[in-house]
Amino acid sequence: MSTFTRLQKRLSRCGIETHFNNDIYTFNKQDITAQVLLPNPLPLEEKAVEQLLDFASVTMPNSDGKVCAARATPDFHPGATAPVGSIVATTPNLIIPAAIGTDINCGMRLFTTGLSLNEVTEQKSKLIEQLKQVLLHDERDVPVTPTSFQALFDEGLTAWLGALPQQGLWNSVNFDRLTHEISKISGNDLLSADSQYAPEAFFEKRAIIRPSSLGTVGSGNHFVELQIVDEIIDRHVAYQLGLKKDAIVVMIHTGSRDVGFYIGKRWQDKAKALWPADQKYPKSGLFALTDNHAQEYLQAMGVAARYAWINRIVITELVRKTFNTLFKQDASQLLVDISHNVIFPENGMNIHRKGATPAHLGEIALIPGSMGDYSYVAIGKGHPDWLWSCSHGAGRAEKRQTMRSKKLVSDNSLLPWQCVTLKQERLFEEAPAAYKPITPVIQAQENAGLIQTAVKLKPWITFKV
């Protein structure tokens, strides 16, 4: 009996019908349908399927708000509540806070350094040591004022830049470049925010505030990685982006840190508290917000989203400053900053992406593999059946607990890539074997018309907390 047949039988006992055709699984349960794009060699986990169908069935009593569609990309695997790699579209009056959770606006950004591998190799040891101090030992000076936080949350990123104090890190940045780069932050124009939902600590009566999480990567699968342009697949796109073979680029993967946790936890609790008292709780434990409460959540989520964007901006400037100190030049340029854990109002719906990347027609997407596998710069093809999305990576194949027990890690000195971390367990948890291979993940999405790859990147030095 095939693995798929066994899975079909197990799911059928839960009332779930399963069909598979051309790398697409279709699941039906009590008139609820969800689809997963997953090539045959990659594992399909029963728990993830059940989580996706749970989200597809979320409703709110006495409301016409509903889920319009539920999809998942090839990095699909179980999450704490929502499966990673899922996209759930709802009507404009319905929001599911747990679909995003607490890592609000986790995302990727990619920027060039203006340097080639040959130009940086001689300074590799110094580069590692200096970036290690900044990224892992928190040697940074990032002053912010209450006024600048007020401007950020009530007006936006440009207002935040204009209100920053001229000291610390901000003495050395190129503000004209930063202002221009705001236009390369995907989705920034889709969200608004309100400072009333922000942590009160940001508005204490102090001249300078130095949030402990601002300019930090975070743990788990988050990283800062120096990568090498390995292959130009689409010369036209590569030329537009200024990418050449053997160029060094920097990819950042992090989110809103403690601000996301502060807002995400409160609003998940609020959604539960607002459930009608005369109605049973849903068996899934998933609660929706509707109408005014849904709009309030989006304003609160916007606070965490903007904090995630400035967190990635700060990390970018810290890395730029390090490169400038060592190589006496700063010709770097931001290529894109793209979110994969956020809700955007798009095409008349609220598109909830949990570990999934927007892939609208002509839009840049970043799809990293593990720290031992390739990453890709791709161009979205705007496939409406897949809710204008693609995967945000390869996806985990093994749980962190499992990887800690296996302790599969090679001698860093013998590898073509290097992981720099202060925690030995991170080498086990995030070892390449913990993740699916990136090649079938990419091929399945190209074959299905979600993306077109443009540039292939290979890891060189990965920094993990």
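These figures come from a predicted structure and were not determined experimentally.

Caption draft 1: Broad picture of the overall build of the protein. Helices and strands together make up the secondary structure of the protein, namely 13 helices and 19 strands. In terms of overall dimensions, the protein is globule-like: its C-alpha atoms have a radius of gyration of 22 Å, near the 23 Å expected for 465 residues. Each principal axis of the C-alpha atoms in the protein carries an extent, and together these give about 65 × 55 × 45 Å. Each of the 465 residues in the protein was classed as buried or not, and the buried ones make up 58%. The long-range share in the protein, meaning contacts at least 24 apart out of those at least 6 apart in sequence, stands at 77%. Entry remark: accessible area of the protein is about 19000 Å², with carbon and sulfur atoms responsible for 47%.

Caption draft 2: Representation of the pairing of strand E7 (residues 107–116) within the structure. Counting buried positions over the 10 residues of E7 gives 8, a clear majority of the element. In this structure, E7 lies alongside strand E11 (residues 334–339), joined through 5 bridges in antiparallel fashion. Residue pairing for E11: leucine 110 is matched across the bridge by valine 336.

Caption draft 3: Main features of the side chain of histidine 77. Along the chain, histidine 77 turns up in strand E4 (residues 67–77). Within the structure, the side chain of histidine 77 is placed 2.7 Å from the backbone oxygen of aspartate 75, a separation counted as a polar contact. Excluding residues within four positions of it along the chain, histidine 77 makes contact with Glu45, Ala48, Pro83, Val84, Gly395 and Arg396.

Caption draft 4: Inspection of the environment of isoleucine 87 at higher detail. In this structure, isoleucine 87 sits in strand E5 (residues 84–90). Take isoleucine 87: its relative accessible area is 0%, and that puts it in the buried class. Each C-alpha atom of the pair isoleucine 87 and tryptophan 386 lies 8.1 Å from the other, and the pair is 299 residues apart in sequence. Contact partners of isoleucine 87, with chain neighbours within four places excluded, come to Ala69, Ala70, Arg71, Ala72, Thr73, Ile351, His352, Arg353, Ala356, Trp386, Leu387 and Ser389.

Caption draft 5: Just the packing of helix H9 (residues 257–273) against helix H10 (residues 291–327), in detail. Contact geometry for H9 and H10: axes closest at 8 Å, N-to-C directions at 165°. Taken together, the axes of H9 and H10 lie roughly antiparallel to each other. In the crossing of H9 with H10, the sense of the turn from one axis to the other is left-handed. Facing Arg257, Asp258, Val259, Gly260, Ile263, Trp267 and Lys270 of H9, the residues of H10 in contact are His293, Glu296, Tyr297, Ala300, Met301, Val303, Ala304, Tyr307 and Asn311. Partitioned by chemical class, the residues of the contact of H9 with H10 number 9 nonpolar, 3 polar and 4 charged.

Caption draft 6: Inspection of helix H4 (residues 124–135) at higher detail. Taking 1.5 Å per residue, 12 residues should reach 16 Å; H4 reaches 16 Å between its end C-alpha atoms and fits that length. Burial in H4 covers these residues: Leu127, Ile128, Leu131, Gln133, Val134 and Leu135. Of the surrounding elements, those touching the buried residues of H4 are strand E8 (223–232), H10, strand E18 (418–421) and strand E19 (451–464).

Caption draft 7: Layout of the packing of aromatic side chains. Evaluation of the coordinates by the stated rule reveals 15 aromatic pairs. Ring plane angle 90° and centroid distance 5.5 Å describe the contact between tryptophan 160 and tryptophan 170, whose orientation is recorded as edge-to-face. With tryptophan 160 in helix H6 (residues 157–162) and tryptophan 170 in the loop between H6 and helix H7 (175–181), this residue pair connects regions lying 10 residues apart in the sequence. Assessed through its relative accessible area of 0%, tryptophan 160 is described here as buried. Judged by relative accessible area, which is 1%, tryptophan 170 ranks as buried. Counting every residue linked through ring pairs, the aromatic cluster contains Phe149, Phe153, Phe202, Phe203 and Tyr307. Directly above the aromatic system of phenylalanine 111 lies the positively charged group of arginine 320, at a separation of 5.5 Å from the ring centroid. Stacked on the ring of tyrosine 435, the Lys or Arg arginine 396 has its end atom at 5.0 Å from the ring centre.

Caption draft 8: Layout of the environment of asparagine 341. Inspection of the secondary structure assignment puts asparagine 341 in strand E12 (residues 341–346). We classify asparagine 341 as buried; its relative accessible area is 4%. Setting aside residues up to four positions removed in sequence, asparagine 341 forms contacts with Ile100, Asp103, Ile104, Asn105, Cys106, Arg353, Lys354 and Gly355.

Caption draft 9: Geometry of the sheet that holds E4. An order of E1-E2-E3-E4-E5-E13-E12 is seen for the 7 strands of this open sheet, with the pairing classed as mixed. Both outer strands of the open sheet, strand E1 (17–21) and E12, are each paired with one neighbouring strand and no more. The average undirected angle you get between the axes of adjacent strands in this sheet is 15°. Packed on one face of the sheet, helix H2 (residues 46–56) meets strand E2 (24–29), strand E3 (32–37), E4 and E5 and runs near 160° to E4.

Caption draft 10: Examining the pairing of strand E16 (residues 375–380) more closely. Taking burial as the measure, the 6 residues of E16 include 6 buried ones, the bulk of the element. The alternating pattern of E16 places Ser375, Val377 and Ile379 and Tyr376, Ala378 and Gly380 on opposite faces, both of which are buried. Bridging between strand E15 (residues 364–367) and E16 involves 4 bridges; their strand directions are antiparallel. Bridge pairing in E16 places leucine 366 opposite valine 377. Sheet topology note: the E16/E19 ladder contains 6 bridges and is antiparallel. Within E19, the position partnered with isoleucine 379 by the bridge is glutamine 452.

Caption draft 11: Broad picture of helix H5 (residues 146–154). Along H5, the residues that are buried comprise Pro146, Ser148, Phe149, Ala151, Leu152 and Phe153. Packing partners of the buried residues in H5 comprise H6 and H10.

Caption draft 12: Structural detail: the packing of H5 against H10. For the pair H5 and H10, interaxial distance at closest approach is 9 Å and the crossing angle is 120°. For the element pair H5 and H10, the recorded crossing hand is right-handed. Together, Phe149, Leu152, Phe153 and Asp154 of H5 and Val303, Arg306, Tyr307 and Ile310 of H10 make up the contact between the two elements. Along the lines of polarity and charge, the residues of the contact of H5 with H10 split into 6 nonpolar, no polar and 2 charged.

Conventions we followed
Residues numbered from 1 in each chain as written. Predicted model: local features only at pLDDT ≥ 70, side-chain atom pairs only at ≥ 80, totals over all residues. Heavy atoms only, no water. Helix = DSSP H or I, 4+ residues; strand = E, 2+ residues; numbered from the N terminus. Rg over C-alpha atoms; globule rule 2.2 N^0.38 Å. Buried < 20%, exposed > 50% of the residue type's maximum accessible area, 1.4 Å probe, protein only. Contact = heavy atoms within 4.5 Å. Areas by Shrake-Rupley, 256 points an atom, 1.4 Å probe, with all protein chains shown as cover. Pairing = 2+ DSSP bridges. Polar contact = N/O pair within 3.5 Å; in protein donor to acceptor, adjacent residues only side chain to side chain. Axes fitted to C-alpha atoms, helices over the stretch in contact; angles between N-to-C directions. Parallel < 35°, antiparallel > 145°, perpendicular 65-115°, else oblique. Left-handed = near helix turned anticlockwise from the far one by under 90°. Nonpolar A, V, L, I, M, F, W, Y, C, P; charged D, E, K, R; others polar. Expected span 1.5 Å × (residues − 1). Phe/Tyr/Trp six-rings, centres within 6.5 Å; stacked < 30°, edge-to-face > 60°. Lys NZ or Arg CZ within 6 Å of the ring centre and 35° of its normal.

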